[in-house]
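# Topology and contacts: notes
What follows is the residue order along each chain.
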Amino acid sequence: MKNSSLSVVILIAVAIAAYFVAGALAPLQALHLSIAVIIGGAIVLISGGVSTNNDSPVSTSSNETNENIETQTLYVGNLPYRANESAIRKLFSDYGQVVSVRLLKDKQTGKRRGFGFVEMAASDAPKAIAALNEQEFQQRTLKVREANERKEA
DNA sequence: CATGAGCGA
């Protein structure tokens, strides 16, 4: 839709340019028009062929499993109120790829509740638990455990 | 601003 109108604009501009290019190449003005029409027709075929290629861009059946890594949500408790999400993400990213980190805040009061959830690769989750559980983080002993409710892989 | 066991819009 937008591609077609844009193709028309580009087509006109290219055709005009092709007309002058043809003027430089051919001595006769009739030949100018002929070459311009030929080039214009070629542009029409090319742009038409491109725009009508509306097949699904990534319909290759091998693309459906696009890095579907098994993720495990970890419960992280006893977090310091000063802790922000980036610090937690960086802390956990040393033991595995962190998918998402969410620190829970009270919706009513807006205050932080001191715990959160870290979603990371399931293969790296036990290592992160063993390494970060009962570990001191900003003078607070973290409690890292597998999440129980809400989301499960 | 202040709080400290716990499992989430």
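In this report, we go over the structure that sits alongside the text. In this text the structure is predicted, and so the values were computed from the model without any measurement. (Residues numbered from 1 in each chain as written. Chains lettered and ligands numbered in written order. Predicted model: local features only at pLDDT ≥ 70, side-chain atom pairs only at ≥ 80, totals over all residues. Heavy atoms only, no water.)

### Let's talk about the protein's contact with DNA strand B
Near DNA strand B there are 22 residues, and of these Leu 79, Arg 102, Lys 111, Arg 113 and Arg 140 occur at the shortest range. Restricting the count to atoms of DNA strand B within 4 Å of the protein gives a sugar and phosphate share of 19%. For DNA strand B, a phosphate oxygen lies 3.2 Å from a polar atom in the side chain of Lys 107. For DNA strand B, a base nitrogen lies 2.8 Å from a polar atom in the side chain of Arg 140. Looking at the surface near DNA strand B, the elements with two or more residues in it are β1 (71-77), β2 (98-105), β3 (112-121) and β4 (143-146). Among the elements that take part in the surface near DNA strand B, β3 stands out by supplying 4 residues, more than any other. (Near = heavy atom within 4 Å. Polar contact = N/O pair within 3.5 Å; in protein donor to acceptor, adjacent residues only side chain to side chain. Helix = DSSP H or I, 4+ residues; strand = E, 2+ residues; numbered from the N terminus.)

### Brief notes about the layout of surface pockets
Roughly 300 Å³ of volume is contained in the largest pocket. In terms of lining residues, the largest pocket is bounded by Thr 73, Tyr 75, Arg 102, Leu 104, Phe 117, Arg 145, Glu 146, Ala 147, Asn 148, Glu 149, Arg 150 and Lys 151. The set of elements that each furnish at least two residues to the lining of the largest pocket consists of β1, β2 and β4. In the lining of the largest pocket, the residues fall into 4 nonpolar, 2 polar and 6 charged. (1 Å grid on protein atoms, 1.4 Å probe; cavity = no way out; pocket = protein on both sides within 12 Å on 5 of 7 lines; lining within 4 Å. Points joined across faces, edges and corners; volume = space filled by probe spheres on them. Nonpolar A, V, L, I, M, F, W, Y, C, P; charged D, E, K, R; others polar.)

### Observations concerning empty space enclosed by the protein
Space left empty within the atom packing is revealed by a probe, the size of a water molecule, rolled over the atoms. Summed over all chains, the structure comprises 1 cavity of 30 Å³ or more. Within this model, the largest cavity holds a volume of roughly 60 Å³. Surrounding the largest cavity, Leu 79, Pro 80, Tyr 81, Ala 83, Leu 103, Leu 104, Arg 112, Arg 113, Gly 114 and Phe 115 form its lining. Of all the secondary-structure elements, those providing two or more residues to the lining of the largest cavity are β2 and β3. With 4 residues, β3 is the largest single contributor of residues to the lining of the largest cavity. Of the residues in the lining of the largest cavity, the class split is 7 nonpolar, 1 polar and 2 charged.

Coordinates in, geometry out; function isn't part of it.
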